[in-house]
Amino acid sequence: MSDAASPPLTRRNLLTLIGASAGGTAMYQAMTSLGFAAESPYRGPIKLEGDPKGASVVILGAGLAGMTAAFELGRAGYKVRILEYNNRAGGRNWSLRGGDAYTELGGATQHCTFDDGLYLNPGPWRIPYHHYALLDYCRRFGVTLEPFIQLNHNAFLHSSKAFGGRPQRIREIKADFEGAIAELLAKATRQGALDDAVSKDDQAILIEALRAHGGLDKDFRYVASDESAEFRGYAKDPGGGLGAAPVNGEPIGMHDILTSRLWQGLQNFLSYDFQTTMFQPVGGMGRIGEAFARQLPNAIRYGAKVTGIRQDERGVTVAFEDLARDGTIEEARADWCVCALPLTILSQLPVEVSAPMKAAIDAVPYSSSVKFGLQFRRRFWEEDEHIFGGISYTDLPIRHISYPSAGYNSGGKGVLLGGYIWNGPNAYEFTAMSPAERIARALDDGAQIHPQYRSEFETGISVAWHRAPFTLGCAGEWTEETRRDHYDNLCQIDGRIVLAGEHASYIPAWQEGAILSALDAIARLHKRVVAA
Amino acid sequence: MGAVRTPIDRRRLVLLCAAVLACTGVLAQEPPTSAPFISRGRGFDEQGGAALYANVCAACHQPDGRGAVGAAAYPALAGNKNLASADYLTSLLFNGLRGMPPLGRMMSDAQVADVINYVRTHFGTSYDDPISAADVKAARP
């Protein structure tokens, strides 16, 4: 999920580096060996054939994993009930809208005062086209989708340390970087530097491709020209009538682009997770959790805080507090348990599982993430800067500004994602701030890119995931070592308990991982039940 | 949050002086100790236990060290018996455990020592066996 401007060297970033330096083939080979590249294994609605003979399952957590398990097991004939800590379904699938209140750990309550129809998705906010399972549930449950704009060529790449701190259009950085590379490669080819590697016939085609692809002129130069303007746009756009001729702009030099490091931002549009088409539900990501919950009438017990999980040969007993009744302890008994609690929560509970599974539960720290929603009285990014959707990337602590992928050109108000910090020191530092301090800082940063922030800001809200009472963190943070030592132990059926959630997947921090994990868990559980 | 005065304040003063001396010449100005602070790189830039606590640990354990309770908890530091072992805290900071991320990996040896010594001498506790940056260095995975 991370696409921060200056990321730490994670596996995903390593892959991006390999891709940037060695090309797509090398990246594909590396990705395959690291288990990322294969398409989603989802092949349509799960078929749990065979009679479960009235078996019951208690499911912990009404996020997408828990609700997927409950829905499919219920369809297969199981008696299911879900225990959920919050007073709403969805878990991290969540949208904050006007009228909502959110109390974080530490006790600060924020009241969301966004106008009708405006929202912040504090958790997941975009859906790749290759997340087939999630898309299928959206289709089956009637969740209307619209395009999420990941790449907007007219949004900004910004470095506080380059170009005098002035944001640069993605379009120009992308075109000029690729144009300059094409010019260099064409020159090298024509000077014979590639004679050992590329045949003369292929060189002729390569040069033709570089000229077309890079916007080079007839002399193979990337300069202000009609050819480059087709990619980078114009200093003055073509118009109508007198004085309407376009003016070609001067490309930004290779040296300036290289040393600015803005080329790093282009990686956010190249990687598999972020390629078009991406989607979002109309009205907020939370519509998905709401749609799942509608499929589970009376199955979800809200305000239930799990305090312990015991098991014996015949079933599972889950103790929980009824938060609405002052912590009265109750017990839920079932033949089986699908536990979709975040590991940050589960690891702290007394839970009767094998030592290897317990070690796995304790071994996965959660990433830290902070998001901001900022409402402005005017869609200045559209009216003044012609940015319709998409994301600007910056080296400032807020890292991202994402423009709404809906309601374009309407002249009304809008809510920006005014910052999205994923891991690193700043995520913790923002989490340590009060909500008011966070917003003040997000406005300071954002105003360096959009000075209109100062006059147009109305109201804002932030969610720091390590202060979220129901997760105590953002998402499972695996390493090569923890995968090797613990992943299989985490996913095994342990007696009568099986875990599910994004943390039990190779797509951590994505909703698809939660759903695929749940489908795999219940398929194995069902096999065991019908075999008994 | 006022600093808790304990009999070992003098020792802390010595530590602080040592830290300041170590930083003189590379650090033009000492960052504020508890005001919100934003680091510039991939590691924490805060100097000294108080600043590190306020801007990192307090995110979860809260400014006054009382912890927080939701679906599960961030443990309170006040009266927490796990503070008895600086080595245990070093291991926590480097390896993480349950809800605790391995934050020490984004800190220098001196920062890890500073923040451990800070939490062990505040919130009503006053252990008098500080850990040194050298001890931390030896424990770093």
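You'll find the structure just up there.
Quantities reported herein were computed from a predicted structural model and do not represent experimental measurements. (Residues numbered from 1 in each chain as written. Chains lettered and ligands numbered in written order. Predicted model: local features only at pLDDT ≥ 70, side-chain atom pairs only at ≥ 80, totals over all residues. Heavy atoms only, no water.)

A.B. asks: Is there a simple way to explain empty space enclosed by the protein in this structure?
C.D. replies: To find the voids left in a structure, one rolls a probe of water-molecule size over its atoms. Residues and elements named next belong to chain A. All told, the structure shown has 2 cavities of 30 Å³ or more when counted by the stated rule. A volume near 460 Å³ is recorded for the largest cavity. Contributing to the lining of the largest cavity are 36 residues, with Gly63, Gly91, Arg92, Pro342 and Thr471 lying nearest its centre. No other element matches the 3 residues that strand β15 (residues 304-311) contributes to the lining of the largest cavity. A per-class count over the lining of the largest cavity returns 22 nonpolar, 10 polar and 4 charged. If you count residues domain by domain, the lining of the largest cavity takes at least three from each of domain 1 (50-84 + 287-364 + 477-531) and domain 2 (96-154 + 276-284 + 367-467). (1 Å grid on protein atoms, 1.4 Å probe; cavity = no way out; pocket = protein on both sides within 12 Å on 5 of 7 lines; lining within 4 Å. Points joined across faces, edges and corners; volume = space filled by probe spheres on them. Helix = DSSP H or I, 4+ residues; strand = E, 2+ residues; numbered from the N terminus. Nonpolar A, V, L, I, M, F, W, Y, C, P; charged D, E, K, R; others polar. Domains from an automatic or database assignment.)

A.B. asks: Sorry, what's going on with the interface of chain A and chain B here?
C.D. replies: Where interface size is given, it is often the accessible area lost as the parts come together that is meant. Taken together, the contacts link 35 residues of chain A with 33 residues of chain B. The largest per-residue losses of area from chain A upon contact with chain B belong to A:Pro425, A:Tyr428 and A:Glu429, which jointly make up 22% of the total buried on that side. Summed over the shared surface of chain A and chain B, the result is 1 salt bridge. Between B:Arg98 and A:Asp362 there is a salt bridge, with the nearest N and O atoms lying 3.3 Å from each other. For the interface between chain A and chain B, the tally reads 12 residue pairs in polar contact (both at pLDDT 80 or more). (Contact = heavy atoms within 4.5 Å. Buried area = accessible area lost by both parts, 1.4 Å probe. Salt bridge = Lys/Arg side-chain N within 4 Å of Asp/Glu carboxyl O. Polar contact = N/O pair within 3.5 Å; in protein donor to acceptor, adjacent residues only side chain to side chain.)

A.B. asks: Got a minute to help me understand helix α5 (residues 170-190) of chain A in this structure?
C.D. replies: Since the α-helix advances by 3.6 residues per turn, residues separated by three or four positions end up pointing in the same direction. Given a rise of 1.5 Å per residue, 21 residues ought to cover 30 Å, and the 30 Å separating the end C-alpha atoms of α5(A) matches this to within 8%. Positioned one or two residues after α5(A), A:Gly192 has a phi angle of 90°, which is positive. (Expected span 1.5 Å × (residues − 1).)

A.B. asks: Whenever I open this one, the packing of helix α4 (residues 132-140) of chain A against helix α18 (residues 511-531) of chain A confuses me. Can you help?
C.D. replies: Helix packing geometry: the angle between the two helix axes and the distance between the axes. All names here are of chain A. Following both chains from N to C, one finds α4 and α18 inclined at 85°, their axes separated by 8 Å at the closest point. It follows from the interaxial angle that α4 and α18 lie roughly perpendicular. Contacts between α4 and α18 involve Tyr132, Ala133, Leu134 and Tyr137 on the former and, on the latter, Gln511, Glu512, Ile515, Leu516 and Leu519. For the contact of α4 with α18, a count of residues per class yields 7 nonpolar, 1 polar and 1 charged. (Axes fitted to C-alpha atoms, helices over the stretch in contact; angles between N-to-C directions. Parallel < 35°, antiparallel > 145°, perpendicular 65-115°, else oblique.)

A.B. asks: It is not clear to me how the pairing of strand β16 (residues 316-322) of chain A should be interpreted in this structure. Could you clarify?
C.D. replies: Residue and element names in this part refer to chain A. By the criterion of burial, β16 is predominantly enclosed, with 6 of the 7 residues buried. Across 7 bridges, β15 lies against β16 in antiparallel orientation. Note on β16: the bridge partner recorded for lysine 305 is glutamate 321. Connecting β15 to the antiparallel partner β16 that follows it, the hairpin turn spans 4 residues. With 7 bridges joining them, β16 and strand β17 (residues 328-334) adopt antiparallel strand pairing. By the bridge assignment for β17, valine 318 is matched with alanine 332. (Buried < 20%, exposed > 50% of the residue type's maximum accessible area, 1.4 Å probe, protein only. Pairing = 2+ DSSP bridges.)

From the geometry alone we can't say anything about function, so treat these as descriptive.
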